[in-house]
Structures are given as C-alpha cells and as structure tokens.
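# Architecture and fold: a report
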Amino acid sequence: MVRQRSILSLLLVLLTTFLISCGSPSAAVAPPTYTAAQLEQIQEYIPEIQAVRDRSKELENLIQKNQWIKVGNFIHGPITEARLTMTYVIPSLLPKDQTTARQITRDFLNHLVKIDQAATAGNTQLALSSYQDAYADIDKFLQLLPKTSS
C-alpha cells in the first residue's frame, strides 16, 4: 500500500511538472500603434480631404443659388475624389478604427447620393440637410486620423 502511494505521488508530481512546463507565461501585449510608414501614408492623404472640407461653403452657396448642375459637378468631382481618398486611408488605420472609418465613408456616400437626388429634384432643403450631414461625416473621419507632431 505504501508503495502504491509513492508511485501515485510520483505520477502526480510528473503530471504537474509537465502541465506547468507546457504553460507559457502571458506576456504583456503592447497596444497597436502606427508605424512610421503608416503615418507617412496617412499624412500624404490628409491635405486632399482637408481641401474638400475647406470648400464646404462653396457647395452651400451653389445649393442656395439652385445651381444644380454645378452642385452635381462638385459632388461628382472634388467630393467624390475626397471619398476615394478616404477609402485609400482606411487600410492604414488601426484595426479598431477601420470599422468606424468604413461606416463613416458609407454614410458619407449615402449623404452624397441624397444631395445628388435633391439636386435632380430641385429640393433645396433636402440638399442643404444632406450637405451638412456629408460635411459632418468628413469631420468625423478627420478626427479618426492620427495626429503627428510635425
């Protein structure tokens, strides 16, 4: 009986040693950060998006003056280029920000479509409302982008 207890104790010691050796210490994982290349790529695109943001009053004036052809040209020109640029930036963002950025660009596209539909129908109120929402989307997107100290 004593011999069986000794063997059982030895087996339990070996099993415990094996299980402890298989476990790895949990290393602290640093939060994801931007690489220098990612920051450089993002910073390259910001002026293009900001340039369209700075022209917001131009679109508002076109809508208020009911210049629907020029509104359409503005939407299909500079603003669509800004949306395309936004989609180029998304893969360079941190994974947690990518889903938010994709949703913002989807909302932005929907607001642009509403402006275009309002321009086709000559609906100034809907166009102005959608214009404000579209530029709010640009602001939200710009806030997602990392700030650099340069």
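Above this text sits the structure in question.
Since the structure is predicted, the reported quantities are computational estimates derived from the model, not experimental observations.

## Things to note about the overall build of the protein chain
Within the protein chain one finds 6 helices and 0 strands. Going from N to C terminus, the protein chain has its helices and strands arranged as α-α-α-α-α-α. Over its C-alpha atoms the protein chain spans a radius of gyration of 28 Å, topping by over 25% the 15 Å that the globule rule assigns to 150 residues. For the protein chain, the spread of C-alpha atoms along the three principal axes comes to 100 × 35 × 15 Å. Looking at the protein chain as a whole, 33% of its 150 residues qualify as buried. The contacts of the protein chain with a sequence gap of at least 6 include a subset with a gap of at least 24, amounting to 74%. With the model as given, the accessible surface of the protein chain reaches about 9800 Å², and the carbon-plus-sulfur share is 59%. A gap of 12 Å separates the mean positions of the 14 positive and 13 negative side-chain charges of the protein chain.

Criteria and cut-off values
Residues numbered from 1 in each chain as written. Predicted model: local features only at pLDDT ≥ 70, side-chain atom pairs only at ≥ 80, totals over all residues. Heavy atoms only, no water. Helix = DSSP H or I, 4+ residues; strand = E, 2+ residues; numbered from the N terminus. Rg over C-alpha atoms; globule rule 2.2 N^0.38 Å. Buried < 20%, exposed > 50% of the residue type's maximum accessible area, 1.4 Å probe, protein only. Contact = heavy atoms within 4.5 Å. Areas by Shrake-Rupley, 256 points an atom, 1.4 Å probe, with all protein chains shown as cover. Lys, Arg positive; Asp, Glu negative; His and termini not counted. Charge placed at Lys NZ, Arg CZ, Asp CG, Glu CD.

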